[in-house]
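The residues making up each chain are set out below.
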Amino acid sequence: MRKLMREVSIGLLFLFVLATAVFADGSIYSTRAFGVSWYFPSGQAVGMGGVAMSSVDSQHLNWANPAALPASQTVQVSCVFLYQHLKINSKTQVFKTGYANFNGVMFSVPVHKRMGVAFGIQPLTNINLKIKRRDAIKNNIYTKSVKSSGGLNSFFLMIGYRPLKSLLVGIGTNFIMGKMEENWRVDFIDSHFRDNFDQFRTKAWGMNYTVGVIAEPLPGWHLGGIYGFSSNLHLKFETSYYSADIKTSKNATTTYPKKIGIGTSYHWKGRWQVGFDFVTQDWQNFQLGEEKPNETIREYRYAGGIEFTPSRQTHAFYLKQISYRAGFTYSQPYFLGYNGEKLHSYLFTFGFGLPFAHQTGVLDLSFEIGKMGDLEKNMFAENIFRMVVFITSNERWFVR
Amino acid sequence: MRRITGLALAVVFLVWGCGENSKNPFGLDLLQRKDTGSEKLLEIKGMTKEMTYHYQVNVGRSNKIMIGEFRGLRANLLLRFGDLSNIPHGATVEQVLLCIWRYDDVIKASDATPFQADIHKITQAWDDSSITTWEEIQNGYEPSSLQSIQITPEETNVDSFYMPTDLIQAWVDSTENNYGILLRSAGANFIKLYYSKDSAYSPRLKVYYSTNTGTDSAEVVATEDTYLIENTGSTPENRLIVGAGYGFATLLHFDVNTDSLPKGTTVNRALLTLMVDTTQTILRKKLTFVLSSIAVKTEPEAWSPPDISLDSTSTSTSSYSEPATATIDITHLVQNWVSQRSPNHGLRLGAFSDQTELVRLSFYASTADSTLIPKVEIFYATPPIK
């Protein structure tokens, strides 16, 4: 227990140090709908292009499929840190943004040798964009700026059960909550001027359920899938014109769409793993209150990845204990580009699973390099670089 | 663990170093909002309605009194020495000196010259806490002057004047009602201020008298004193006035167009600029003139000053320092009108100085030359709409 706490503390300290100088600017598309969706199912999956539907691994927490929980017989704590760097290209200009922050935490406990429970919090979407303009009225200089921030988060509780040796099932409940803000400011240099501050805020909350299954029809070959039920998502739109002292509020209910994911993976000689995933969520009929934004469509994600771990032995040469991963993701985001055209995202991934403390913990360092959008079709093309760090600690708490 | 942490940190900082944030060059239109709002300037020249009115100010409890005349305002000084008990009954008044101490500055132009002030006997009772206007006393004194004194514009610390001994003798003997004296200027071109009885330097009479036992003197302190302003001039055409001491206020109403300033608009700054007629303005060297504006609750059609209902929660003040223009920040008032927190029934301009101080600001009205008329500049930002 003490050892686990020490490791977790070191991990948190590490993340904290990294996050102290947080970047906070994101995708040019992050003001679309609920923002850019993020998908980091596990430390292992990120390095493998996002392959997680059928992934059964005792050392990693799989957030995407609750059926994977019984795979681990240890108490696990997993913390995530994300660094993102984007180079945003338009036909005339280029600029760069950076974002760094904690990106979720998860805790799982094996309550029985066939059953595991887990809970945690993770972001689903992210909004982070600043736009500034400098101007003057009759030689009075001011800066007009808009800062969009927030996104949807999921606080989840999952239970996984292994009814048969080759079958795992699970169910998860997600409390979806989020706050999305758009702060408009006009700041004059002359202090005699009163500055503007107007704010649009959308609060969202709701609950949905996900069921998952993983089967092993043949030794080493896994098939998996999830079904996320659609649910009501309550929205509260607040508008505040602070100087004018006008505040309005409007409630609405929309549907958080169902999500379907399927995948397969093959483990070979205990050292190799290869997998493929397909995940989709239909945002086509999504409405923001009474308005249909006409900027949401069906989201697709295809992923494929491979992992190689030279040795699982704790006494092996350290470089042999490291897991080496690579993958590829193609996705069509759930929102359209600014000119109404569909976007396409391509990501190459690679990563390393770095075991520590005699393989009771693992630090997964994963990188995503790719592109979203096309300069000709979508006005903007983003070059993406992400580094995702998972620190997962495994400890046997209840074993005498 | 240390090795891994070190490695990870090295990678992170390497990546970090490579990535440098730069300013987003894209405009607000990118957000595709219904309206991204705009920042503009609205200039309103001239008022839809304006009027200046006089209101009464009681200055009897002020710590100053004054005498003289300047730019159409004549200050008449009233003094009463009600308690003569220091002077023995039967004494003969030999000589009387009025001693008054100068207060602050002298209201004058550069060409100020000494003037004569006539001393008149007041024939009616008065009380400095209630008497307010010259009209209340203008028939209550003997028109014939008992004596004249000379007032000089020099900033002397104390002025002493001989007083008519017969009158003081009559008060001592109780053969005349002691209602005090009136000091009234003739042809003055400055106003001199003195400390009143409500200060540490009360005006006093130094009475030299003789009795059977010899000569002696006694000091008699003023028991009532005040000054009453007489408007001897006429306001030129196309002028509006604000002032204190002899109260003037001005009501102004201008049209704030709600089409160009929708409800959610932020008023970044609203300035009312007045072109000052310096020839009609009375300023004090050692007193800052503060203009005050306060929202009017009475509709312009129903303005009937001085009965004007005011919104004391919506006020602003501004020091007047430039000689040619006076500017007052009315951002708060205009924001209230634009946000429809209160209706636009105009504003009342007044002098925020102590109402017993004699100051006046004269400015051109909307009927004057277009370059001189009042002007309102509203810097505003219309709200974004998502």
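None of the values given here were measured: they were computed from a predicted structure. (Residues numbered from 1 in each chain as written. Chains lettered and ligands numbered in written order. Predicted model: local features only at pLDDT ≥ 70, side-chain atom pairs only at ≥ 80, totals over all residues.)

Here we come to the overall build of chain A. Counting secondary structure elements, chain A contains 4 helices and 18 strands. Computed over C-alpha atoms, the radius of gyration of chain A comes to 22 Å, within 12% of the 21 Å expected from 2.2 N^0.38 for 400 residues, which places it in the range of a compact globule. Each of the three principal axes of chain A carries a C-alpha extent, and together these read 75 × 45 × 40 Å. For chain A, with 400 residues in total, the buried portion stands at 49%. Here the contacts in chain A between residues at least 6 apart in sequence split such that 64% fall between residues at least 24 apart. (Helix = DSSP H or I, 4+ residues; strand = E, 2+ residues; numbered from the N terminus. Rg over C-alpha atoms; globule rule 2.2 N^0.38 Å. Buried ≥ 20, exposed ≤ 12 C-beta atoms within 10 Å, placed from the backbone. Contact = placed C-beta atoms within 7 Å.)

Along chain B, the regular secondary structure elements total 3 helices and 22 strands. With respect to the principal axes defined by its C-alpha atoms, chain B has extents near 115 × 65 × 35 Å. Relative to its full complement of 386 residues, chain B shows a buried share of 41%. Restricting to contacts in chain B with at least 6 residues of sequence separation, those with at least 24 account for 84%.

In this section: helix α2 (residues 165-173) of chain B. Residue and element names in this part refer to chain B. What α2 keeps buried is the set Ile168, Trp171 and Val172. Down the axis of α2, the buried side of the element spans an arc of 100°, and every buried residue falls inside it. Each element contacted by the buried residues of α2 is listed here: β5 (92-108) and β11 (204-211). Directly after α2, the chain includes Ser174, whose backbone phi takes a positive value near 60°. (Arc of directions from axis to C-beta.)

Often, the extent of an interface is quoted as the loss of accessible area on bringing the components together. Residue and element names in this part refer to chain B. On domain assignment, one finds that chain B holds domain 1 (39-56 + 245-381) and domain 2 (64-231). The C-alpha-based centres of domain 1 and domain 2 are spaced at 39 Å. Counting residues at the interface gives 10 residues for domain 1, matched by 13 residues for domain 2. Broken down by class, the residue content of the side of domain 1 that touches domain 2 amounts to 3 nonpolar, 4 polar and 3 charged. (Domains from an automatic or database assignment. Nonpolar A, V, L, I, M, F, W, Y, C, P; charged D, E, K, R; others polar.)

For chain A, per-residue confidence averages 89 on the pLDDT scale, and 92% of positions sit at 70 or higher. Mean pLDDT across the elements of chain A bottoms out in helix α1 (residues 2-19) of chain A (52) and peaks in strand β15 (residues 323-332) of chain A (97). (pLDDT = per-residue confidence, 0-100.)

The next subject is the nonpolar core. All names here are of chain B. One finds Met66, Ile67, Leu77, Ile191 and Tyr227 to be the most contacted residues of the largest nonpolar core, which totals 98 residues. With 6 residues, the top contributor of residues to this core is β5. In this structure, this core is formed jointly by two domains, domain 1 (39-56 + 245-381) and domain 2 (64-231), each of which donates at least three residues. Once you skip the residues sitting within four places of it in the chain, Ile67 turns out to touch Ala75, Leu77, Ala117, Ile151, Leu183, Ser185, Ile191, Lys192 and Tyr227. (Core = buried A, V, L, I, M, F, W, Y, C linked by C-beta atoms within 7 Å.)

As a further point, take helix α3 (residues 331-338) of chain B. All names here are of chain B. Along α3, 7 of the 8 residues are buried, which leaves the element largely enclosed by surrounding structure. Turning to α3, its buried residues number three or more, namely Thr331, Leu333, Val334, Gln335, Asn336, Trp337 and Val338. Residues of α3 that are buried sit in contact with β16 (266-275), β17 (289-296), β18 (310-320), β19 (325-329), β20 (347-351) and β22 (375-381).

Our next topic: the confidence of the model for chain B. In this model, chain B carries a mean pLDDT of 89, and residues with pLDDT of at least 70 account for 93%. In the predicted complex, the global pTM is 0.81; the interface-specific ipTM is 0.79.

Let us now look at unusual backbone geometry. Residues and elements named next belong to chain B. With an omega of 10°, the peptide bond running from Pro305 to Pro306 counts as cis. Checked against the element boundaries, Pro306 lands in the loop between β17 and β18. Of note, the phi angle at Ser174 is positive, near 60°, even though the residue is not glycine. Positionally, Ser174 belongs in the loop between α2 and β9 (181-186). A positive phi angle, near 60°, is found at Asn238, a position not held by glycine. Its location among the elements puts Asn238 in the loop between β13 (224-231) and β14 (239-244).

Right, let's talk about the environment of A:Asp198 for a bit. Mapped onto the secondary structure, A:Asp198 falls in strand β8 (residues 196-218). In this structure, the C-alpha to C-alpha distance between A:Asp198 and A:Thr239, residues 41 residues apart in sequence, is 7.6 Å. Filtering out sequence-adjacent residues up to four positions away, A:Asp198 remains in contact with A:Trp184, A:Ser240, A:Tyr241, A:Tyr242, B:Pro383 and B:Pro384.

Moving on, we come to the sheet that holds β22(B). Residues and elements named next belong to chain B. The strand order across the open sheet formed by 4 strands is β1-β22-β16-β19, and the pairing between neighbours is antiparallel. Two strands lie at the open edges of the sheet, namely β1 (39-45) and β19, each paired on one side alone. If you compare each strand with its neighbour and ignore which way they point, the axes differ by 20° on average. As defined by bridge partners, β16 adjoins β19 across 5 bridges and the pair is classed as antiparallel. Looking at the pairing, Leu272 lines up with Ile328 of β19. Against the sheet, α3 makes contact with β16, β19 and β22, and its axis sits at roughly 125° relative to β16, the strand it touches most. (Pairing = 2+ DSSP bridges. Axes fitted to C-alpha atoms, helices over the stretch in contact; angles between N-to-C directions.)

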